[in-house]
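Each chain, written out:
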Amino acid sequence: MRKRQYAGFVLSGILLAGSLWGCAGKTEGTPAAASSAAQESEVSGSQPTGNAAADSDEPIVLRVAWWGNQKRNDITVQALNLYTEMHPNVTFETEPSDWSGYFDKLATQAATGNLPDIIQQDYNRLTPFYQKGQLMNLQPFVESGVINTEGIAQSVLDSGSYDGELYALCNGLTSRCLVYDKEVVEEAGVTIPDQMTWDEFFEISKTIHEKTGVQAYFLEKDICDNLYRSAGMPLYAADGKSLSGEDDALLVRLFSMGKQAMDEGWHVSPEMLIEKDPEVVETMPIMDKTAWNSFTNSNQYSVLCSTAGRSWGSPCTPSPRMRSRTRYI
């Protein structure tokens, strides 16, 4: 298993409350068109001073879309309200959503030319928006000094770049990690090693299933992505329409691993995963001990523990029943 760090939330566009958010390309007369006009004005000027539209008295209404739980919704609305206090002529129409269905909604809005002005986006899903010209190019803002990227690692900037131009700025970094139910692991009498290999994971999973009846879970898209990364290539080819590599050996390996695990009975079945969606915290198989583990983002650890009813201490004091291991694949 090797370390993988990635930009979890990528947003692109206009300056907002000290952060950079997403601005979709639209037709004349829309807020995005006003932003484009402001961009031209600022980039051409020798002394850029910020968002020209926000500094004027012209009323501006911007639609903002993001996914998240109620806590994130509340914090985002507070940030937007603070910006309006600083710039009374700018107000926001908010479009919060759950993770489930968020990207389907964005795809529909993109197809009908009705994308929100400011978009929270996952960097894995940005390419179609770049290719269809639906995002504002931020590179002129960077070159003029309006956007200051000093102190931001180039690898982070690259996560929101396309063809050498910046279209999105990372709003946060997280890492994939293995989360496990400590009670189940201790009942089985096994120890989760540091830098666990796939062979070790399989053997531990078999032992846990034999001694407790609790299954494991690993067959997910991100594992496929990480398997390709471990071979030194991204999951998808540059055209975005095919997998990397000249053959399907890695993909075959992943599904062979999954089939073996299911045939042996220690991996959660596909039918069970329909009922217990592993991408939704409330229904993850680990919640009711259908599975002893899950692969998730490290920043979801506290939410996962609180939803499961496990007490949550500090990051250095894992909860009594559920513990996170920052092991990157």
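From a predicted model like this one, the values you see are computed outputs, not experimental measurements.

Trainee: How would you sum up the overall build of the protein chain? Please name residues and give values.
Mentor: Within the protein chain, the secondary structure is distributed over 13 helices and 11 strands. The buried share of the protein chain, taken over its 329 residues, is 46%. Long-range contacts, defined here as pairs at least 24 residues apart, represent 66% of the contacts in the protein chain between residues at least 6 apart. Summed over all atoms, the accessible surface of the protein chain reaches about 16400 Å², with 49% contributed by carbon and sulfur.

Trainee: Outline the packing of helix 10 (residues 221-230) against helix 11 (residues 249-263), listing residues and values.
Mentor: Helix 11 packs onto helix 10 with a crossing angle of 135 degrees between their chain directions and a minimal axis gap of 10 Å. Relative to helix 11, helix 10 is oriented oblique. Judged by the twist between their axes, the crossing of helix 10 over helix 11 is right-handed. Along its contact with helix 10, which presents Ile223, Cys224, Leu227 and Tyr228, the element helix 11 presents Leu250, Leu251, Arg253 and Leu254. Residue composition of the contact of helix 10 with helix 11, grouped by class: 7 nonpolar, no polar and 1 charged.

Trainee: Help me get a handle on the pattern of salt bridges, residues and values and all.
Mentor: For the structure on display, the rule yields 7 salt bridges. Taking the shortest distance from any N to any O, the salt bridge between Lys182 and Glu186 comes out at 3.7 Å. One end of the pair is Lys182 and the other is Glu186, both in helix 8 (residues 182-188) and 4 residues apart, which spans about a single turn. Residue class for Lys182 comes out buried when judged on its relative accessible area of 19%. Relative accessible area serves as the criterion here: at 51%, Glu186 is assigned to the exposed category. It is possible to trace a salt-bridge network through shared partners that takes in Glu203, Lys206 and Glu264.

Trainee: Please provide a residue-by-residue account of unusual backbone geometry, values included.
Mentor: The phi torsion at Asp163 lies on the positive side, around 55 degrees, for a residue other than glycine. Relative to the helices and strands, Asp163 is located in the loop between strand 7 (161-162) and strand 8 (165-166). The exposure class assigned to Asp163 is exposed, which follows from its relative accessible area of 69%. Even without being glycine, Lys289 reaches a positive phi, approximately 65 degrees. With respect to the helices and strands, Lys289 occurs in the loop between helix 12 (270-275) and strand 10 (293-297). Classification of Lys289 by relative accessible area gives partly exposed; the value is 28%.

Trainee: If you had to explain the environment of Thr212 to someone new, which residues and values would you point to?
Mentor: Along the chain, Thr212 falls in helix 9 (residues 198-212). For Thr212, a relative accessible area of 21% puts it in the partly exposed group. It is 9.0 Å that separates the C-alpha atoms of Thr212 and Val185, two residues lying 27 residues apart in sequence. Ignoring sequence-local partners within four residues, the contact set of Thr212 consists of Val184, Glu187 and Ala188. At 2.6 Å, the side chain of Thr212 forms a polar contact with the backbone oxygen of Ile208. From its side chain, Thr212 meets the backbone nitrogen of Val214 in a polar contact 3.1 Å long.

Trainee: Residue-level account of the nonpolar core, with values.
Mentor: Membership of the largest hydrophobic core comes to 28 residues, with the highest contact counts inside it found for Ile192, Phe201, Ile208, Phe218 and Trp292. Going through the elements one at a time, strand 9 (169-181), helix 8, helix 9, helix 10 and helix 11 are the ones with two or more residues in this core. Residues within four places of Phe218 in sequence aside, it is in contact with Trp198, Phe201, Phe202, Ile223, Leu254, Met257, Gly258, Ala261, Trp266, His267 and Phe295. Counting 15 residues, the second largest nonpolar core, distinct from the first, contains Phe103, Leu106, Leu115 and Tyr123.

About the thresholds
- Residues numbered from 1 in each chain as written.
- Predicted model: local features only at pLDDT ≥ 70, side-chain atom pairs only at ≥ 80, totals over all residues.
- Heavy atoms only, no water.
- Helix = DSSP H or I, 4+ residues; strand = E, 2+ residues; numbered from the N terminus.
- Buried < 20%, exposed > 50% of the residue type's maximum accessible area, 1.4 Å probe, protein only.
- Contact = heavy atoms within 4.5 Å.
- Areas by Shrake-Rupley, 256 points an atom, 1.4 Å probe, with all protein chains shown as cover.
- Axes fitted to C-alpha atoms, helices over the stretch in contact; angles between N-to-C directions.
- Parallel < 35°, antiparallel > 145°, perpendicular 65-115°, else oblique.
- Left-handed = near helix turned anticlockwise from the far one by under 90°.
- Nonpolar A, V, L, I, M, F, W, Y, C, P; charged D, E, K, R; others polar.
- Salt bridge = Lys/Arg side-chain N within 4 Å of Asp/Glu carboxyl O.
- Polar contact = N/O pair within 3.5 Å; in protein donor to acceptor, adjacent residues only side chain to side chain.
- Core = buried A, V, L, I, M, F, W, Y, C linked by side-chain atoms within 4.5 Å.

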